[in-house]
Each structure stands twice: as structure tokens, then as C-alpha cells.
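What the coordinates show
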Amino acid sequence: MNEIHAHLASSAAEAARVTRGVTPEQLGGPSGCTDWTVRELANHLVLYTAHGLEHRALRTQLPDDLVARDFTADADWPEQYAAQLDRALAAWAKPEAWDGDIDLGGGNTMPAGEIAAMLLAELALHGWDLARATGQDFSLPDDTGTYLLDVVERYAEMYRSYEGFAAPTPVAPTAPAFTRALATSGRAI
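Residues numbered from 1 in each chain as written. Predicted model: local features only at pLDDT ≥ 70, side-chain atom pairs only at ≥ 80, totals over all residues. Heavy atoms only, no water.

Examining unusual backbone geometry
Short version of the rule: In this scheme, a residue with accessible area under 20% of its type's maximum is buried, one over 50% is exposed, and one in between is partly exposed, where area comes from a 1.4 Å probe on protein chains only. Think of it this way: any DSSP run of H or I at least four residues long counts as a helix, any run of E at least two long counts as a strand, and we number them from the N terminus.
A positive phi angle, close to 65°, is found at R59, a residue other than glycine. For R59, a relative accessible area of 33% translates into the label partly exposed. The phi torsion at E163 lies on the positive side, around 65°, for a residue other than glycine. Note that E163 resides in the loop between α6 (142–161) and α7 (177–184).

In C-alpha cells, the structure reads:
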């Protein structure tokens, strides 16, 4: 299995653990992400880091009904999310998922490995956002934090150009790599 897949798997396990700790009462609260509620953040996480992750590996578009769905309306949404993450990881476990480019729409393509790396960032950063908004911790193995920092540094300016990241926040250069990735992405630590 390649390095990115291992980092996706550890991030997915942590994100699934965090979603299991979200209570129905917390869904209406603020998430810390722009104007999103916890529910909106959770729906974004489920859509793009589980369904989107699988669809990118399979080179298929997300169906409109998924894009419009409130996943958190189902009482067992955390278990459904965990199961979908497993399907997505299984799709990326196939060697052909890593071959060639993936169409981002509008004629834009990127190498499959770069798409997977960007989805890893989405998974880890928004997983952390959800954990923080619901009073939980989110931790990653050191090697995953180091890999994530590299991805965040590589794409920070692109994400900032469409307001996906805020300006970097201060952090000690000796802080763990995951903490530096969070700060580089503009998250207040």
C-alpha cells in the first residue's frame, strides 16, 4: 500500500471516531468554520471526505442527491460515515486508483496522488474542526502529521485564493507537524 493511503486510513479512523462523539444537541452550534454550523461542517465532511473520496478514486461524479443530502438527519450517521470511509479506502486500495489524472471538472485535471493528498488534508483539517467544535481531541500519528504539513504548505496559497484557508496563525517552529499544519491552514490553535 502506498504512503498516502496509510495516511488516509489513519485520518479516516480518527475522523470516524470524532463523528461518533458528536451529540444531536451539538449539531446546531457554531463550528468555527466561517458561518457553518456543526451540522453543515459534518455534512461537508461526510460528503467530500467519504463519498467524494470514493468517487474520485472511481472517476465518477458525485450524484446530485448526495450533494443536497443532510447526512446528519439519520440517527446513525456516524456509523454510515465510517462505513462509507471504508468503501472509499477500499476504492483507493486498488492500484488503478493511483494511475493517471482525475478530472476536477471544467477540463481541469490533476494527478491521482495529488487529489488523494488534497483529500487527506480535507479529512484531517475538517476532522480537527469538528473535534474542536464538539469539545473533542483529534490526533494523528507523527508521520501523518508530517505528511499533512507538506500537503498544506504545498497548497496553502491555492486554498487561500478561494478563501478555503485563512491567513496563517502563529505557532512555534518546534511545534508538532500536525499543529504547524493547522496553523499554516489558518486555524487558531
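Quick notes on the layout of surface pockets
The cut-off we apply is this: Using protein atoms alone on a 1 Å grid, points that fit a 1.4 Å probe yet trap it form a cavity, whereas open point sets bounded by protein on both sides within 12 Å along at least five of seven lines form a pocket; residues with an atom within 4 Å of a point count as lining. Grid points are joined across faces, edges and corners, and a volume is the space filled by probe spheres set on the points.
In this structure, the largest pocket encloses a volume near 1,100 Å³. In terms of lining, the largest pocket is formed by 38 residues, of which the most central are H44, E122, H126, Y159 and Y162. Looking at the lining of the largest pocket, the elements that each hand over two or more residues are α2 (38–58), α5 (112–133) and α6. With 11 residues, the top contributor of residues to the lining of the largest pocket is α5.

Some points on the packing of helix α1 (residues 3–20) against α5
What counts, and what does not: Axis definition: a line fitted to C-alpha atoms, limited for helices to the stretch in contact. Angles are taken between N-to-C directions and run from 0 to 180 degrees. Should an angle fall under 35 degrees it is taken as roughly parallel, and over 145 as roughly antiparallel, whereas 65 to 115 is taken as roughly perpendicular and any remaining angle as oblique. Note on convention: the crossing is left-handed when the near helix lies turned anticlockwise from the far helix by less than a right angle, right-handed when the turn is clockwise. Contacts are residue-level and defined by heavy atoms, with any inter-residue pair within 4.5 Å sufficient. The residue classification treats Ala, Val, Leu, Ile, Met, Phe, Trp, Tyr, Cys and Pro as nonpolar and Asp, Glu, Lys and Arg as charged. All others, Gly included, are polar.
Viewed as axis vectors pointing N to C, α1 and α5 meet at an angle of 25°, and their least axial separation amounts to 9 Å. Relative to α5, the element α1 is oriented roughly parallel. Here the hand of the crossing between α1 and α5 comes out left-handed. For the pair formed by α1 and α5, the contact residues are I4, H7, L8, S11, A12, A15, V18 and T19 on the first element and G113, A116, A117, L119, L120, L123, A124, G127, L130 and A131 on the second. Within the contact of α1 with α5, the residues separate by chemical class into 13 nonpolar, 5 polar and no charged.

As for the pattern of salt bridges
Counted only if it meets this: Just to be clear on terms, a salt bridge is a Lys or Arg side-chain nitrogen sitting within 4 Å of an Asp or Glu carboxyl oxygen.
The full count for this structure, using the stated rule, is 8 salt bridges. The salt bridge partner of R154 is E114, with a shortest N-O separation of 3.1 Å. With R154 in helix α6 and E114 in helix α5, this residue pair connects regions lying 40 residues apart in the sequence. Classification of R154 as partly exposed rests on a relative accessible area of 38%. Each of E114, D150 and R154 takes part in one network of salt bridges that share partners.

With respect to the environment of P95
Locating P95 in the fold gives a position in the loop between α4 (77–92) and β1 (101–105). For the pair formed by P95 and D76, sequence separation is 19 residues and the distance between their alpha carbons is 32 Å.

Notes on the nonpolar core
Put simply, the test is: Nonpolar cores were defined as sets of buried Ala, Val, Leu, Ile, Met, Phe, Trp, Tyr and Cys residues, with membership established by side-chain atoms within 4.5 Å.
Core analysis: the biggest nonpolar cluster contains 61 residues, and L8, Y81, W92, L130, F138, L148 and F178 have the highest contact counts within it. Of all the elements in the fold, those that place two or more residues in this core are α1, α2, α4, α5, α6 and α7. In terms of residues, this core owes the most to one element, α5, which gives 14 residues. The residues contacting L148, other than those within four sequence positions of it, are L120, A121, A124, L125, L140, F178 and A181.

With respect to the environment of Y155
Along the polypeptide, Y155 turns up in helix α6. Each C-alpha atom of the pair Y155 and F165 lies 9.7 Å from the other, and the pair is 10 residues apart in sequence. Those residues in contact with Y155, other than ones at most four positions away along the chain, are M110, E114 and M118.

On their own, these measurements won't tell you what the molecule is for.
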